[in-house]
Amino acid sequence: MAITQKRPIYLQLVDRIKNEVATDVLSANDQLPSVRETALQEKINPNTVAKAYKELEAQKVIRTIPGKGTFITGNTASVKNSNQNRLLADLSQVIAELIKSDVKGERIKKIVNDILGGNNAEN
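Residues numbered from 1 in each chain as written. Predicted model: local features only at pLDDT ≥ 70, side-chain atom pairs only at ≥ 80, totals over all residues. Heavy atoms only, no water.

Participant: Can you lay out the packing of helix α1 (residues 9–22) against helix α4 (residues 76–100) for me, pointing to particular residues and giving the numbers?
Facilitator: Viewed as axis vectors pointing N to C, α1 and α4 meet at an angle of 110°, and their least axial separation amounts to 8 Å. In this view, α1 runs roughly perpendicular relative to α4, as classed from their interaxial angle. Here K18, N19, V21 and A22 of α1 lie close against α4, whose contacting residues are T76, V79, K80 and N83. Class assignment of the residues belonging to the contact of α1 with α4 gives a composition of three nonpolar, three polar and two charged. (Axes fitted to C-alpha atoms, helices over the stretch in contact; angles between N-to-C directions. Helix = DSSP H or I, 4+ residues; strand = E, 2+ residues; numbered from the N terminus. Parallel < 35°, antiparallel > 145°, perpendicular 65-115°, else oblique. Contact = heavy atoms within 4.5 Å. Nonpolar A, V, L, I, M, F, W, Y, C, P; charged D, E, K, R; others polar.)

Participant: An account of the packing of helix α2 (residues 35–42) against helix α3 (residues 46–58) is requested, with residue identities and associated values reported.
Facilitator: Relative to each other, α2 and α3 sit at 120°, their axes nearing to 8 Å. Compared by their axis directions, α2 and α3 come out oblique. By crossing handedness, the relation of α2 to α3 is classed as right-handed. Taking contact as the criterion, the partners of V35, T38 and A39 in α2 are, on α3, P46, V49, A50 and Y53. Within the contact of α2 with α3, the residues separate by chemical class into six nonpolar, one polar and no charged. (Left-handed = near helix turned anticlockwise from the far one by under 90°.)

Participant: Tell me about the pairing of strand β3 (residues 69–72), residues and numbers included.
Facilitator: Bridge count for strand β1 (residues 31–32) against β3 is two bridges, and the pairing is antiparallel. Looking across to β3, one finds that Q31 is bridged to F71. Across four bridges, strand β2 (residues 62–65) lies against β3 in antiparallel orientation. Each bridged residue has a counterpart across the sheet, and for R63 the counterpart in β3 is F71. (Pairing = 2+ DSSP bridges.)

Participant: Tell me about the pattern of salt bridges, residues and numbers included.
Facilitator: Side-chain pairing between opposite charges can occur once the charged atoms of the two side chains come close. Under the counting rule described, the total for this entry stands at seven salt bridges. Where E42 meets R16, a salt bridge forms, and the shortest distance between an N and an O atom there is 2.8 Å. Remark: R16 occurs in helix α1 and E42 occurs in helix α2; sequence separation between them is 26 residues. The exposure class assigned to R16 is partly exposed, which follows from its relative accessible area of 25%. Residue K110 pairs with D114 through a salt bridge whose shortest N-O separation is 2.8 Å. Separated by four residues within a single helix, K110 and D114 lie in helix α5 (residues 105–115), roughly one turn from each other. A cluster of three or more residues bridged by salt bridges with shared partners is formed by R16, E20 and E42. (Salt bridge = Lys/Arg side-chain N within 4 Å of Asp/Glu carboxyl O. Buried < 20%, exposed > 50% of the residue type's maximum accessible area, 1.4 Å probe, protein only.)

None of the figures reported here should be taken as evidence of function without further support.
Below, the structure is given as structure tokens:
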């Protein structure tokens, strides 16, 4: 995980786990490493990991079963939808900034079409 100074580390971990759910790296009922294991892997404080896990539980992304571990919930469709909405909002913001920077609409459309493989996707 690339740690940046712009956002708290626990929120970066929350975002990464949610992104892994949204992109099917993690699926419903997958077990996450323990707080201690994650802290060692990421070279961060265990309290930071615990805070991230607590936030993920509050968002119903994970659930902890005492004595068994921490697991991804069956709420993956909601996580995927939320991730898509966030990415589309980011895309809209980037496009608006490009337009303000005098990048022509046709050039933006060409780039998007190139990324989509020349298909005019409706979704």
